[in-house]
There are 2 protein chains.
Amino acid sequence: MTARDKLPIMQIRIATRADVPAVLSLLADDHISRDRGFGVVPESVDAAVWAAFEAIDADDRNELIVAVDGDEVIGTCQLTFIPGLSRNGAERMLIEAVRIDVGRRGQGLGGELIRWTIERARERGCAIVQLTTDKRRTDAHRFYTALGFEASHEGMKLLLRDTNR
Amino acid sequence: MTARDKLPIMQIRIATRADVPAVLSLLADDHISRDRGFGVVPESVDAAVWAAFEAIDADDRNELIVAVDGDEVIGTCQLTFIPGLSRNGAERMLIEAVRIDVGRRGQGLGGELIRWTIERARERGCAIVQLTTDKRRTDAHRFYTALGFEASHEGMKLLLRDTNR
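This one's a predicted model, so the numbers in the text were calculated from it and none came from an experiment.

A few words on the packing of helix 2 (residues 20–28) of chain B against helix 4 (residues 47–58) of chain B. All names here are of chain B. As a packed pair, helix 2 and helix 4 sit with axes 12 Å apart at the nearest point and diverge in direction by 105°. As far as their axial angle goes, helix 4 and helix 2 are roughly perpendicular. Across the interface between the two elements, Val-20, Pro-21 and Leu-24 from helix 2 touch Val-49, Trp-50 and Phe-53 from helix 4. For the contact of helix 2 with helix 4, the residue count by class is six nonpolar, no polar and no charged.

Our focus in this paragraph is the interface of chain B and chain A. Taken together, the contact between chain B and chain A spans 65 residues of the former and 65 residues of the latter. Taking both partners together, chain B and chain A bury about 6,100 Å²; carbon and sulfur atoms supply 59% of that area. It is Leu85(B), His153(B) and Met156(B) that lose the most area in chain B upon contact with chain A, and together they represent 15% of the buried surface on that side. For the interface between chain B and chain A, the tally reads four salt bridges. A salt bridge links Asp59(B) to Arg61(A); its shortest N-O distance comes to 2.8 Å. Between chain B and chain A we count 30 residue pairs in polar contact (both at pLDDT 80 or more) in total. Split into classes, the residues belonging to the side of chain B that touches chain A amount to 32 nonpolar, 18 polar and 15 charged. Note that strand 6 (residues 150–159) of chain A and strand 5 (residues 128–134) of chain B share seven bridges and pair antiparallel. Residue His153(A) lies in a different strand from strand 5 of chain B, and its bridge partner there is Asp134(B).

Further remarks concern the relation of the copies chain B and chain A. Least-squares fitting of chain B to chain A yields an RMSD of 0.0 Å, with the superposition described by an axial translation of 0.0 Å and a rotation of 180°. This pairing of chains is accounted for by a two-fold axis. Among all C-alpha atoms of chain B, that of Gly155(B) lies closest to the rotation axis, at 2.3 Å. In this assembly the copies share their binding face: 100% of the residues contributing to the interface of chain B also contribute to that of chain A.

Procedures and definitions
Here the residue numbering is sequential within each chain, running from 1 through the sequence in written order. The lettering of chains begins at A and the numbering of ligands begins at 1, in the order of writing. Reporting in this predicted model follows two pLDDT cut-offs: at least 70 for local features of residues, and 80 or more for side-chain atom pairs to be given and counted; totals over whole chains, interfaces and linings ignore these cut-offs and use all residues. Water and hydrogen atoms were dropped before computing side-chain values, which therefore reflect all heavy atoms in the structure. All axes here are fitted lines through C-alpha atoms, helices being fitted over the stretch that makes contact, and every angle between N-to-C directions spans 0 to 180 degrees. Helix and strand assignments follow DSSP, with helices taken as H or I runs no shorter than four residues and strands as E runs no shorter than two, numbered in order from the N terminus. Each angle receives one of four descriptions, namely roughly parallel if under 35 degrees, roughly antiparallel if over 145, roughly perpendicular if within 65 to 115, and oblique otherwise. Contacts are assigned to residue pairs that have any heavy atoms within 4.5 Å of one another. Residues are grouped as follows: nonpolar covers Ala, Val, Leu, Ile, Met, Phe, Trp, Tyr, Cys and Pro; charged covers Asp, Glu, Lys and Arg; every other residue, Gly included, is treated as polar. Put simply, buried area is how much 1.4 Å-probe accessible surface two parts lose in total, over both of them, once they are put together. When a carboxyl oxygen of Asp or Glu lies within 4 Å of a side-chain nitrogen of Lys or Arg, that pair is called a salt bridge. Nitrogen and oxygen atoms within 3.5 Å of one another constitute a polar contact, given that in protein one can donate a hydrogen and the other can accept it, and given that sequence-neighbouring residues count only through two side-chain atoms. Whether two strands pair depends on DSSP finding at least two bridges between them. For this overlay, a least-squares fit was computed on C-alpha atoms, restricted to residues scoring pLDDT of at least 70 in both copies.

Function cannot be inferred from these measures alone, as they are strictly geometric.
Listed below in structure tokens is the structure:
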């Protein structure tokens, strides 16, 4: 067996309803998310979460993405394509909720996932790709900078209400 | 005439097609935007910009907002409501392209505009409001912090192509 054989064969695609529980597990399995109260993976998916999935699934400007190795969901992110008057009417792509399975990190899968999303933005004609990353995630800053992103902006957040997860 | 009489009577509403040229002027009239090549206000609005306006206008999850004093557009911003699986399926509201007319700044109109958008997010049930602001806009950071925002995140941007404005 060569080193190459050990690389997971990752496929990246739009999530289906069957992927939702695995995506929720990835969103919960993260120490900063746990600080926000995302720690408990629910045994059943709440109606509000199903409704959110249906809203994303039906919207041409939102895409829930999964990276899979066989049957296993090992990464996820959400893309939102935002029309605007700036930049001569070009869309911008926002990336949210990026997660790679804790057991699969350090293998370049995150870079592969983000490069795939950037290619998707190019195909769609977006002028800019943007995301925010918690200032405590210093590894993530290096990761995105290596992919060509510039930390040119402050990411400001205002919580309107606490949620259980 | 009292000081109170001098206050502009600002109304905040969703933009119509007739507001688009004024919104473009506000987007262009900004030194950081000029650095990005937004400096020339176009005599006519390009088809791509009209298409972007039509896309926003037709989309329940995007709203182009204007603040007006009589017939004059004195402020603008764009709101995007993003469904997601996190935070128990609650939407987040993204604010982009915030501008107040240079001649009207320092009168509290920006705060009035942003508080109006936050109220809109609450009415819709959003769990979080977010925006990014250029690190060079130090006044803006103080402005948003005073409104309750926390600069908890790095705002990362990747330009895919230059645009003329």
